[in-house]
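Architecture and fold: a report
Below, each chain spelled out in residue letters.
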Amino acid sequence: MAPGAILSHLHRADGSATYTHNGYSIIGAVNGPVEVLRRDEMPEEATVEVNIRPAFGVGGPKERHLESLLHSTLRSIILTRSIPRTLVQITLQVSSLPEEEASTRVNSSLTLLPHLLHTSLLALLSASIPLSTTLTSALIAVPAHKSDPKLAVPLLSPTAANLLRAAPIQSTHVFAFSGDRRLLLNESEGAFSYEEWEEACEMAEESCCKEGGGGVDIGEGMEVDGQQGNLEAWLREVVRRKVGEEQRWRVAT
Amino acid sequence: MATALPPPPALSFPRPIFAALSPHPFLQAHLLSSTKSPLRANGRQPSDFRSLGVNPGSLTHCHGSAVVRSGNTSVVCGVRAEILREEDVAGTGSYGTKSTSEQDNDDNMDDEADDDEDDAEEIADLRLLVPNLELSTGSTPLNLPGTAPSAAAQTLITRLHALLLATRLVRAADLRIAHTPRVNAEDPDTTPLRTVKGYWVLYIDVFFISLDGNAFDAAWLAMLAALGGTRLPRAFWDEELEMVLCDDDVALARGLRLRGLPVPSTFAVFEGRAEDEDVGDGARNWVLSDPDAFEEAVCRETVTVVVDRGGVVRKIEKSGGGVVGREGMRDCVERSIGRWGVWEEVLRKA
């Protein structure tokens, strides 16, 4: 299943996006560039502020941790130096989680992180904040294999039900890649060797970044046999639709 | 003229003013000064860590404690154990059934005996490990006293807690307070079942006296040293009083049998800027081990690798930029494996 995305549906925010994937649904809103508090003002670059609200209850230390991860990642792709002394405020509200989420025994911040990254990027795109590159992210889970760890098949972007079925999970990895294939963020947990990590990293890169020498429009054909589409292609398709909608007035009826 | 002219103002800044005014060029100038062995502003090579000092058992009112120093970062950690009674446990007491086959912990001191027991769920759900972190007033200029814990402190607590749970450092078997009745009340002929009457909850408080970068590694070292020295008194269920009592006898107190020795190493990535924007290609990057506060302020990308016994990687955290890729990570993992030996020695000697 390719993720679903609705852009610019909140009218009061400068940019907004709702992202749905594997039972996760997150609403993101971006305001910016707006005036910044004197205390947070930086003379040469923009201040980025990320607020995450969980699906239920109020945010705690777990949300602060996710916010700091998102903050450092987004700050590296937003062209903060081109909009100095301003504030870019990103608010993300988790609106629904898959039912099996609590029982998978996998660190829930890791399973949520790719979705938060995608939502914030879509909201930033919708708000037309200057970005240096795009970002795609994927979750990899390696199930434990009793007899031979080499036989374990890593799962790419597993759903909560998949994780539950594959339990126990040996290691979980979240990777985020920029448009030019640089590794922007990585959170890995469990027990693994460097080689296993590298394998997971390659797998994520393949799914996140477009194939070498791309540029072919595979927007419609990306879900052949219900396979996981390429996330870069998906992102391009979302942006193409957004631009198409914005250019409607120019297209002769 | 009789009066001498005042000396002309110097054209160069003294070192501390240069560092305060333009920290980025300051560090880059240091790293570029020698091509063979670049030195950082603090005199270390990029791959050098700071030396560690561990002083365990410094607090008398804790069950376990340690004072740890790494460069100018010094941390106190105290472990305080409190009893969680079984009737106060929320939900069902389904975890206790697992321990029925197990003999008393005292005669089961073999480290590998219940190594595979999956008790992560039990510890996580009952919240038997409660880490907390506090930055003391004046420990770092970034910390404003008298306010709620900063986002950085909360992030640190979350990371420490996640690492405690993910590495399954503490065994639930050590924290259970179990009881085997003399006779089975329901059927006097069969052997009575062992039941869990309570748990030890470990409150792990980390207090930063001074913070000069790399808070995570220092806090974790303090926690490891404190948990390693923690001794819990023998607790037992008294059938007559129907409550958990603790034994006075120090000789009967037990230590915790920790699983493995996860060692984190933090790296900061310093992105050099080309001196001439047009040339572009002159920019170089350095991966600095164990950054201090000055370097942390200049670097944006950080990598933390946690390595356990035998070179098994337990956790990788990387965010903030795209310099360290797959090859860079191999280097970081290798440096961390080298660092593991240092920690092991320091903790063994402590």
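Keep in mind that what you see is a predicted model, and the values were worked out from it rather than measured.

Brief notes about the pattern of salt bridges
Enumeration over the complete set of coordinates arrives at 31 salt bridges over all chains. One salt bridge connects Glu45(A) with Arg300(B), and the closest N-O pair in it is separated by 2.7 Å. Of this pair, Glu45(A) sits in the loop between β3 (24–34) and β4 (47–53) while Arg300(B) sits in the loop between α7 (293–298) and β13 (301–308), placing the two residues on different chains. Look at Arg300(B) and you get partly exposed, because its relative accessible area is 31%. We note a salt bridge from Glu87(B) to Arg85(B), for which the minimum N-O separation is 3.5 Å. Taken together, the shared-partner salt bridges connect Arg181(A), Glu202(A), Glu205(A) and Arg326(B) into one network.

Notes on the UniProt feature "domain: Exoribonuclease phosphorolytic" (unreviewed entry) in chain A
Mapped onto this numbering, the UniProt entry annotates "domain: Exoribonuclease phosphorolytic" (unreviewed entry) at residues 9–130 of chain A. What you have in residues 9–130 of chain A is 30% helix and 29% strand, and the ends, taken at the C-alpha atoms, are 20 Å apart.

With respect to the environment of Ala226(B)
Residues and elements named next belong to chain B. With respect to the secondary-structure elements, alanine 226 resides in helix α6 (residues 215–228). Taking the C-alpha atoms as reference points, alanine 226 and cysteine 62, 164 residues apart in sequence, are found 9.5 Å from one another. Setting aside its immediate chain neighbours within four residues, alanine 226 contacts Gly64, Ser65, Ala66, Cys77 and Val79.

Some thoughts on the nonpolar core
The nonpolar side chains of soluble globular proteins are, as a tendency, buried together. Leu122(A), Val305(B) and Met329(B) are the most contacted members of the largest nonpolar core, which has 72 residues in total. In terms of residue count, helix α2 (residues 108–126) of chain A provides more of this core than any other element does, 10 residues in total. Sequence-distant contacts of Val305(B), defined by excluding residues within four places in its chain, comprise Val263(B), Pro264(B), Ser265(B), Phe267(B), Val313(B), Lys315(B), Ile316(B), Met329(B), Cys332(B), Val333(B) and Ser336(B). Counting residues in hydrophobic clusters, the runner-up holds 60 residues, among them Ile157(B), Val170(B), Tyr199(B) and Ile204(B).

Topic: helix α4 (residues 151–166) of chain B
All names here are of chain B. The end-to-end C-alpha distance of α4, which contains 16 residues, comes to 22 Å, matching closely the 22 Å that a straight helix rising 1.5 Å per residue would cover. α4 sits mainly inside the fold: 12 of its 16 residues count as buried. Along α4, the residues that are buried comprise Ala153, Gln154, Thr155, Leu156, Ile157, Thr158, Arg159, Leu160, Ala162, Leu163, Leu164 and Ala166. Positive backbone phi, at 50 degrees, marks arginine 168, one or two positions downstream of α4.

Quick word on the confidence of the model for chain B
All names here are of chain B. For chain B, per-residue confidence averages 86 on the pLDDT scale, and residues scoring 70 or more make up 88% of the total. The least confident element of chain B, judged by mean pLDDT, is helix α3 (residues 120–126) at 85; the most confident is α6 at 96. Scored below 50 in pLDDT, residues 97–113 shows 21 contacts in the model against residues more than four places distant or in partner chains. Taken over the whole predicted complex, pTM reads 0.90, whereas the ipTM for its chain interfaces reads 0.89.

Quick word on the packing of α2(A) against helix α5 (residues 231–246) of chain A
Residue and element names in this part refer to chain A. Packing of α2 against α5 brings their axes to within 11 Å, and their N-to-C directions diverge by 30 degrees. Taken together, the axes of α2 and α5 are roughly parallel relative to one another. The way α2 lies across α5 gives a crossing that is right-handed. Between α2 and α5, the contacting residues are His118, Leu121, Leu122, Leu125 and Ser126 on the first element and Leu231, Trp234, Leu235, Val238, Val239 and Lys242 on the second. Per-class residue counts for the contact of α2 with α5 are 8 nonpolar, 2 polar and 1 charged.

What to know about the pairing of strand β2 (residues 15–21) of chain A
Residues and elements named next belong to chain A. Most of β2 sits out of view: 6 of its 7 residues are buried. Direction of pairing for strand β1 (residues 4–7) relative to β2: antiparallel, over a ladder of 4 bridges. Among the inter-strand pairings, glycine 4 is bridged to a residue of β2, identified as threonine 20. Pairing analysis gives 7 bridges linking β2 to β3, with the strands arranged antiparallel. Among the inter-strand pairings, serine 16 is bridged to a residue of β3, identified as alanine 29.

Things to note about the interface of chain B and chain A
Contacts between the two partners involve 29 residues from chain B, matched on the other side by 33 residues from chain A. Summed over both sides, the interface between chain B and chain A buries roughly 2,700 Å², with carbon and sulfur atoms accounting for 49% of that surface. If you look at where chain B meets chain A, you find 7 salt bridges. Between Arg105(A) and Asp125(B) there is a salt bridge; the shortest N-O distance is 3.6 Å. One can count 13 residue pairs in polar contact (both at pLDDT 80 or more) joining chain B with chain A. Elements represented by at least two residues in the side of chain B that touches chain A include exactly α3, α4, β14 (312–319) and α8 (326–349) of chain B. Residues belonging to the side of chain B that touches chain A are distributed by class as follows: 10 nonpolar, 7 polar and 12 charged.

Reading guide: rules and limits
Residues numbered from 1 in each chain as written. Chains lettered and ligands numbered in written order. Predicted model: local features only at pLDDT ≥ 70, side-chain atom pairs only at ≥ 80, totals over all residues. Heavy atoms only, no water. Salt bridge = Lys/Arg side-chain N within 4 Å of Asp/Glu carboxyl O. Helix = DSSP H or I, 4+ residues; strand = E, 2+ residues; numbered from the N terminus. Buried < 20%, exposed > 50% of the residue type's maximum accessible area, 1.4 Å probe, protein only. UniProt positions renumbered as here; feature names shortened; annotations may be inferred. Contact = heavy atoms within 4.5 Å. Core = buried A, V, L, I, M, F, W, Y, C linked by side-chain atoms within 4.5 Å. Expected span 1.5 Å × (residues − 1). pLDDT = per-residue confidence, 0-100. Axes fitted to C-alpha atoms, helices over the stretch in contact; angles between N-to-C directions. Parallel < 35°, antiparallel > 145°, perpendicular 65-115°, else oblique. Left-handed = near helix turned anticlockwise from the far one by under 90°. Nonpolar A, V, L, I, M, F, W, Y, C, P; charged D, E, K, R; others polar. Pairing = 2+ DSSP bridges. Buried area = accessible area lost by both parts, 1.4 Å probe. Polar contact = N/O pair within 3.5 Å; in protein donor to acceptor, adjacent residues only side chain to side chain.

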